[in-house]
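# Working through the structure, step by step
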Amino acid sequence: MITWMRHRDFERACWITASIAVTLLVAIPALVVFFYVGSSSDGVWQHLQQTLLWEYVKNSFVLAVGVGMGSLLIGTVTAWLVTTVDFPGNRFFKWALILPMAIPPYLLAYVSTDMLQFSGPLQTGLRNYFEWSKGDYWFPEARSLLGAV
């Protein structure tokens, strides 16, 4: 019994150490920015604050809230549907709805932007099929804040 408890304590200590190491590794970029804020920057921080900083903060806030609300809405509705409603393909969607968590977000962002932009295969296919030109239809801009959300 004592050997098992020691092994369990060792295992727990390993997990705690690994999680702290990963947390510090992920936090390095933020820590570097934090430490450079007070250093001499020849007016770069002042320039950023006067020109772009508040727009970046606003866009980051809108992006975070938009993605959070969209994920909450889509995730809640789809989870409720697959757990309460019996429809064809229900078993498929129970595991397929987890797949976006397996794809790195930056990779999904690049692929979706490429697919949805003006020169992407979706809009190109629509223009070719319906013989549209640029002004004949409206499509949301993929390379915008709304497109990022």
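Description of the structure in this document. (Residues numbered from 1 in each chain as written. Predicted model: local features only at pLDDT ≥ 70, side-chain atom pairs only at ≥ 80, totals over all residues. Heavy atoms only, no water.)

## Observations concerning the layout of surface pockets
Taken as a whole, the largest pocket encloses approximately 980 Å³ of empty space. Lining the largest pocket are 30 residues; nearest its centre among them are V67, S71, I74, L108 and V149. Among the elements of the structure, α3 (53-84), α5 (105-116) and α7 (145-148) are those that each provide at least two residues to the lining of the largest pocket. A class-by-class count of the residues in the lining of the largest pocket yields 19 nonpolar, 9 polar and 2 charged. In this structure, the second largest pocket occupies an estimated 170 Å³ of space. Every residue lining the second largest pocket is listed: L116, Q117, F118, Q123, K134, Y137, W138, F139, P140, E141, A142 and R143. (1 Å grid on protein atoms, 1.4 Å probe; cavity = no way out; pocket = protein on both sides within 12 Å on 5 of 7 lines; lining within 4 Å. Points joined across faces, edges and corners; volume = space filled by probe spheres on them. Helix = DSSP H or I, 4+ residues; strand = E, 2+ residues; numbered from the N terminus. Nonpolar A, V, L, I, M, F, W, Y, C, P; charged D, E, K, R; others polar.)

## As for the packing of aromatic side chains
Two descriptors summarise a pair of aromatic rings, namely the distance from one centre to the other and the angle between the planes of the rings. Summed over all chains, the structure comprises 7 aromatic pairs. For the pair F34 and F35, a centre-to-centre distance of 5.6 Å together with 65° between the ring planes defines the contact as edge-to-face. By the ring-pair criterion, three or more aromatic residues cluster together here, those being F87, F92, F93 and W95. The ring of F118 has K134 sitting right over it, with the charged end atom 4.8 Å from the ring centre. (Phe/Tyr/Trp six-rings, centres within 6.5 Å; stacked < 30°, edge-to-face > 60°. Lys NZ or Arg CZ within 6 Å of the ring centre and 35° of its normal.)

## Re the packing of α5 against helix α6 (residues 121-130)
Taken N-terminus to C-terminus, the directions of α5 and α6 make an angle of 15°; their axes are 4 Å apart at the nearest point. One way to sum up the angle between α5 and α6 is to call them roughly parallel. Contact with α5, carried on its side by D114, M115 and L116, involves P121, L122 and Q123 of α6 and no other residues of that element. (Axes fitted to C-alpha atoms, helices over the stretch in contact; angles between N-to-C directions. Parallel < 35°, antiparallel > 145°, perpendicular 65-115°, else oblique. Contact = heavy atoms within 4.5 Å.)

## Details of the environment of V65
In this fold, V65 is placed in helix α3. Taking the C-alpha atoms as reference points, V65 and V149, separated by 84 residues in sequence, lie 8.9 Å from one another.

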